[in-house]
Amino acid sequence: MHRTLFVATAAATLALSGASFAKDKTNRKAELPSLDQVKPLPPSALPAGAAEDAGFFHNFQLSAEGSYGEVKHKAGQPAALRQYSTGLAVGLSFDMGDYAFASITGNFSSNVIKSKVVQFPLDLSANAYSRGFDAIIGLKPLPWLRAGFIGGTGNGNAGYTFTGFGGGSNSVSEGQRLGGFVGATYVTGPLAFSADLAYLNIRNRQDYGPNNTPQIATWGTDLLSLSLGASYRVLPQLTLSAGLGLNHIMKQTVAPADTANDINWASLQLGATYAVTENLDVKLSGSTWLNNKKFDYSRVALGLTYKF
């Protein structure tokens, strides 16, 4: 029986999204005043409490994103796989003081799996569900520089059915990911460029139950990813973005009867963000993997971000 991919896919989404880990600080205004035009307000003109600090926790962003993804297993044992995933992610990010930031994201996905066990051959179908969360904590010693840690965990369950025989078999899985990142952003006028280097140690375990051989499968990956991004503010309310991810597996362990994953591949991301108000953004994005001989992967997402 093949391994379910929802835990690995969640980690890949985190590492390969192409989005900057720092929140968007791009000014929505077309022009900024020159330094000689900036004058301090007299104390009497300041609103009550405006001079006070906003608090240690500030710049909150609440986000929700719905997504649809497809995975096709092109080559290798033990199964020719097609997986269709519908997901929901809800996240909260914020700054801490002047030099630190953090975010936490909870995610849930429903997966429909259609595959064929190559060795028999037998058609196999499954419905799988996963849930988990990911967290980021980082420092920004300079406005354009950031570094920090990534961590997450997830678990799920799947019910498999051999199409020709009826009946079924259940499995449960769990996964953990831990790593770090360093990145930088350069802004000039309506253009912003970013680069982030991330490392993730990903570990997965799937228990198929006593009726399957093998009963338990484990596998893992040490993944290094370089994400290059660019965004252009076409209008004060509209920003277009693109990203290229270059991914390298430093080390991997493979599940029983499976084949190794590609060592090197790329990912491409495109997006458009529209500011409905000063506090509310809508974003449409899409991503796909390039030059991966084992998997085809694509994903589209629609999200909302509220800033307060």
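See the structure shown above.
Please read these numbers as outputs of a predicted model, since none were measured by experiment.

**Topic: the pairing of strand S8 (residues 216-233)**
Stage number 1. Of the strand pairs in this sheet, strand S7 (residues 191-207) and S8 are connected by 17 bridges, and their pairing is antiparallel. If you follow Ala198 over to S8, its bridge partner there is Ser225.
Stage number 2. Across 14 bridges, S8 lies against strand S9 (residues 238-253) in antiparallel orientation. Pairing of Tyr232 across the sheet is with Leu240, part of S9.
Stage number 3. The antiparallel hairpin formed by S8 and S9 contains four residues in its connecting segment.

**Here we look at the pattern of salt bridges**
Stage number 1. In the structure shown here, the tally under the stated rule is eight salt bridges.
Stage number 2. Taking the shortest distance from any N to any O, the salt bridge between Lys140 and Asp95 comes out at 3.1 Å. In this pair, Lys140 is assigned in strand S4 (residues 122-142) and Asp95 in strand S2 (residues 79-96), connecting sequence segments 45 residues apart. Pair check on accessibility: Lys140 and Asp95 agree, each one buried.
Stage number 3. A salt bridge links Asp134 to Arg177; its shortest N-O distance comes to 2.9 Å. In this pair, Asp134 sits in strand S4 while Arg177 sits in strand S6 (residues 166-188), placing the two residues 43 residues apart along the sequence. Comparing Asp134 with Arg177 shows no difference in burial state: the two are buried.

**Side note on the side chain of Gln83**
Stage number 1. As for its placement among the helices and strands, Gln83 is situated in strand S2.
Stage number 2. For Gln83, a relative accessible area of 0% corresponds to the buried category.
Stage number 3. Looking at Gln83, its side chain comes within polar contact range of the side chain of Asn111, at 3.4 Å.

**Describing the side chain of His58**
Stage number 1. Position of His58 among the secondary structure elements: in strand S1 (residues 57-73).
Stage number 2. Among the residues examined, His58 registers a relative accessible area of 17% and is labelled buried.
Stage number 3. Polar contacts involving the side chain of His58 include one to the main-chain carbonyl oxygen of Phe56, which spans 3.2 Å.
Stage number 4. Only 3.3 Å separates the side chain of His58 from the backbone oxygen of Gly97, close enough to count as a polar contact.

The rules we used
- Residues numbered from 1 in each chain as written.
- Predicted model: local features only at pLDDT ≥ 70, side-chain atom pairs only at ≥ 80, totals over all residues.
- Heavy atoms only, no water.
- Pairing = 2+ DSSP bridges.
- Helix = DSSP H or I, 4+ residues; strand = E, 2+ residues; numbered from the N terminus.
- Salt bridge = Lys/Arg side-chain N within 4 Å of Asp/Glu carboxyl O.
- Buried < 20%, exposed > 50% of the residue type's maximum accessible area, 1.4 Å probe, protein only.
- Polar contact = N/O pair within 3.5 Å; in protein donor to acceptor, adjacent residues only side chain to side chain.

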